[in-house]
Amino acid sequence: MVIKKYIAITEEEAIKMAKAELGEDAVIMNTKQKQPKGIMKWFQKPSVEITAAVDDMPREPEVQNDMPDFSKLQEAIRETNAVLEADARKKQMEQQEKQSEKQNEQQTERFRETKIITEEKEKESDTRHIEERLNSLQDLLQEQMQSAKEEQEEKGKEDTNQAYFDLIRKKLIDNEVEETYVDQILDDIAESVSQNANLDSILAGVYQKIVLKIGQPHLIDIKSKKTKYVFFIGPTGVGKTTTIAKIASTLKLTKKTKVALITSDTYRIAAVEQLRTYANILGIPLQVVYSAEDMEHAMEELREFDLVFVDTAGRSHNNQEQREDIQKLMETVPEENREVFLVLSATTKYKDLVKIATTYSEITKYNLIFTKLDETDTIGNIFNIHMMTGAPLSYTTWGQNVPDDIGKIDAQNIAKQLLGGNS
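Quick notes on the rules
- In every chain, residue numbers begin from 1 and rise along the written sequence.
- Local features in this predicted model are restricted to residues whose pLDDT is 70 or higher, and side-chain atom pairs enter the listing and the counts only when it is 80 or higher, whereas totals over whole chains, interfaces and linings include all residues.
- The basis for every side-chain value is the complete set of non-hydrogen atoms in the structure, without hydrogens or water.
- Numbering of helices and strands runs from the N terminus, with a helix taken as a DSSP run of H or I at least four residues long and a strand as a DSSP run of E at least two residues long.
- Relative accessibility thresholds used throughout: buried, under 20% of the residue-type maximum; exposed, over 50%; partly exposed, between the two (1.4 Å probe, protein chains only).
- Two residues form a contact once any of their heavy atoms are found within 4.5 Å.
- Using a 1.4 Å probe, accessible areas were evaluated by the Shrake-Rupley method; residue-level cover was limited to the displayed protein chains.
- Note on pairing: two strands pair once DSSP finds at least 2 bridges between them.
- A score between 0 and 100, pLDDT records how confident the predictor is in each residue.
- Here an angle of 0 to 180 degrees is reported between the N-to-C directions of two axes, which are lines fitted to C-alpha atoms, with helices fitted over the stretch in contact.
- Only buried Ala, Val, Leu, Ile, Met, Phe, Trp, Tyr and Cys residues count toward a nonpolar core, and they belong to the same one when joined by side-chain atoms within 4.5 Å.
- Under the convention used throughout, the expected extent of a helix is 1.5 Å for every residue step, that is, one less than its residue count.
- Polar contacts, as counted here, are pairs of nitrogen or oxygen atoms within 3.5 Å of one another; within protein the pair requires one atom able to donate a hydrogen and one able to accept it, and residues that are adjacent in sequence qualify only if both atoms are side-chain atoms.
- Aromatic pairs are defined between Phe, Tyr and Trp rings, using the six-membered ring for Trp, whenever the two ring centres lie within 6.5 Å; interplanar angles under 30 degrees are classed as stacked, those over 60 as edge-to-face, and all others as tilted.

**Q** I tried to follow the overall build of the protein chain on my own but got confused; where do I start?
**A** When helices and strands are counted, the protein chain shows 12 helices and 11 strands. Across the 423 residues in the protein chain, those meeting the buried criterion constitute 43%. By sequence separation, contacts in the protein chain at least 24 residues apart represent 76% of the contacts at least 6 residues apart. Accessible surface for the protein chain amounts to roughly 23,500 Å². Of this, 46% is attributable to carbon and sulfur atoms.

If you want it as structure tokens, here you go:
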């Protein structure tokens, strides 16, 4: 893994510098604003420092100076480590006692043999050979004692490392990360750290591995030369309409993007009126479609806009006919002119999320949006579904406020929360 820092006037320039040197697979680990101090603040502009990493070299991950605070987990691990060290010392003493008893038995046996030899040699008046034999026996005992001591010390180091991994594993599983993915991460780290690695280096390696697996968020493309149609699909009640309003508001108000809305959600009571209210507030057009033919007509009406957000009806993933309706609606737009976002609730059971994600995978490729993060204490399912589907993570939401309570996926925050740190 290669980790480097880059400083530029803007975040975009710093990111370009990172990707130019490290490649497109570089992951932004941290972003920090730097303000000139003292008298220099009148002559120098503020700058941005980013930390970038790329997982392309099989070496032990470096510990970043700006690593997050894992004080609670570290304290628990250190307390456990103290207990393990005391237990290791006790085991070492017991092992030494057993080894000593065994060696005494061996020594007694060897002395018995030596005595016999001595008696025989005395008959031959050859005492010199007996002395050599005794010296050789003493050397052998010393070698055995040293070997046993080294074995016990090495065993103690291995036990300590394993204790670190066990506690980190428990923390990830407590946050509902699937055991398969936990073992993959810890196995990767175990291969790259030394047997006497300290807590910080192991924890940093796991943190960075999670960040790299999550990757950069996939955001809506606003630079397309042709009108881009963005479809939002997913089960009923996950917050698709509110999510559309948040993203549309942000892009129109901050990026000056020409945005329009289409809704095919004519099944849910007041769904159209809800989106029409948002459209009126933002001053953007809204088209209502009931079929693929209506969709083609709406596309003709909205051809001058940069982005058209399409709110689909919340359908059961178990209903084949309803899935086909959504597929027909999306296929009215050429693949190169459309993006699809599967909207899921972070509060949904993992077993149900797997079934939903698998079903929609049979219809189309998609990116992932997770809603209702404010209604759950564990976010392992975000990582699980990303790993299972391979679909890029995009946005998360945590409330009903429009245009607030939404943000792009932050790999660093997710990694910190999964490891028990503060987000």
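So that's the structure; there's more coming.
**Q** What is the right way to look at the pairing of strand 5 (residues 259-263) in this model?
**A** Both faces of the sheet carry side chains from a regular strand, because those side chains alternate between them. Across the 5 residues of strand 5, 5 count as buried, placing the element largely inside the fold. By the alternation rule, side chains of strand 5 split into Val 259, Leu 261 and Thr 263 and Ala 260 and Ile 262, which are all buried. Examined bridge by bridge, strand 5 and strand 6 (residues 286-288) share 3 bridges and lie parallel to one another. From the neighbouring strand, Leu 261 faces strand 6, where its bridge partner is Leu 286.

**Q** What's the story with the confidence of the model for the protein chain in this structure? I'm lost.
**A** Interpretation of this model should avoid reading the predicted coordinates in detail wherever pLDDT is low. Overall, the prediction assigns the protein chain a mean pLDDT of 81, with 77% of residues at 70 or greater. Per-element confidence in the protein chain ranges from a low mean pLDDT of 62 for helix 3 (residues 127-174) to a high of 97 for strand 9 (residues 367-371). pLDDT under 50 marks residues 57-65. Its contacts with residues more than four places away, or in other chains, come to 23 contacts.

**Q** Got a minute to help me understand the sheet that holds strand 2 (residues 27-34) in this structure?
**A** Sheet strands associate in pairs through backbone hydrogen bonding, adopting either a parallel or an antiparallel arrangement. As summarised here, the arrangement of the 3 strands in space is 1-3-2, forming an open sheet in which the pairing is antiparallel. Each edge of the open sheet carries a strand with a single partner, namely strand 1 (2-8) and strand 2. Taking the axes of each pair of neighbouring strands and ignoring which way they run, one obtains an average angle of 15° across the sheet. Judged from the 7 bridges that link them, strand 1 and strand 3 (residues 47-54) form a sheet pairing that is antiparallel. Counted as the bridge partner of Tyr 6 is Ile 50 from strand 3. Of the strands in this sheet, strand 1, strand 2 and strand 3 are in contact with helix 1 (residues 11-22), which crosses strand 1 at around 145°.

**Q** Please clarify how the nonpolar core should be interpreted in this entry.
**A** One broad trend across soluble globular proteins is that nonpolar side chains are buried collectively. Counting 66 residues, the largest nonpolar core has Ile 210, Phe 231, Met 295, Leu 368 and Phe 370 as its most contacted members. The dominant element in this core, judged by the number of residues it contributes, is helix 5 (residues 199-214), at 9 residues. By size, the runner-up hydrophobic cluster in this structure holds 24 residues, among which are Ala 245, Leu 275, Leu 282 and Ile 406.

**Q** Explain unusual backbone geometry here, please?
**A** Residues Val 402 and Pro 403 are joined by a peptide bond in cis, for which omega reads 5°. Residue position: Pro 403 is located in the loop between strand 10 (393-397) and strand 11 (406-408). Although it is not a glycine, Lys 256 adopts a positive phi angle of roughly 60°. Residue Lys 256 is classed as exposed on the basis of its relative accessible area, which comes to 66%.

**Q** Is there a simple way to explain helix 6 (residues 240-254) in this structure?
**A** Helical geometry note: an α-helix holds 3.6 residues per turn, so side chains three or four residues apart project in the same direction. The end-to-end C-alpha distance of helix 6 is 21 Å, a good match for the 21 Å that 15 residues give at a rise of 1.5 Å each. Burial analysis of helix 6 places 11 of its 15 residues in the buried class, which makes it a mostly covered element. Of the residues making up helix 6, those classed as buried are Lys 240, Thr 241, Thr 242, Thr 243, Ile 244, Ala 245, Lys 246, Ile 247, Ala 248, Ser 249 and Leu 251. Phi turns positive, to about 60°, at Lys 256, one or two residues after helix 6.

**Q** Please explain the environment of Tyr 395 as it appears in this structure.
**A** As for its position among the elements, Tyr 395 is in strand 10. By relative accessible area, which is 11% here, Tyr 395 ends up buried. Placed 12 residues apart in sequence, Tyr 395 and Gly 407 show a C-alpha to C-alpha distance of 5.6 Å. Non-local contacts of Tyr 395, meaning those with residues more than four positions away in its chain, are made with His 218, Leu 219, Ile 220, Ile 247, Phe 341, Leu 368, Ile 369, Phe 370, Ile 406, Gly 407, Lys 408 and Ile 409. Among the polar contacts made by the side chain of Tyr 395, one reaches the main-chain amide nitrogen of Ile 220 at a distance of 3.1 Å.

**Q** I tried to follow the packing of aromatic side chains on my own but got confused; where do I start?
**A** Where two aromatic rings form a pair, the distance of their centres and the angle of their planes describe that pair. For the structure shown, the criterion picks out 3 aromatic pairs. Seen from their ring centres, Phe 232 and Phe 341 are 5.8 Å apart, and the 20° between their planes marks the pair as stacked. You can see Phe 232 sitting in strand 4 (residues 228-233) and its partner Phe 341 sitting in strand 8 (residues 338-345), a full 109 residues away along the chain. In terms of burial, Phe 232 and Phe 341 fall into one category: buried. Centre to centre, the rings of Phe 341 and Tyr 395 are 6.3 Å apart; their planes meet at 50°, and the pair counts as tilted. Note that Phe 341 is positioned in strand 8 and Tyr 395 in strand 10, a separation of 54 residues in sequence.

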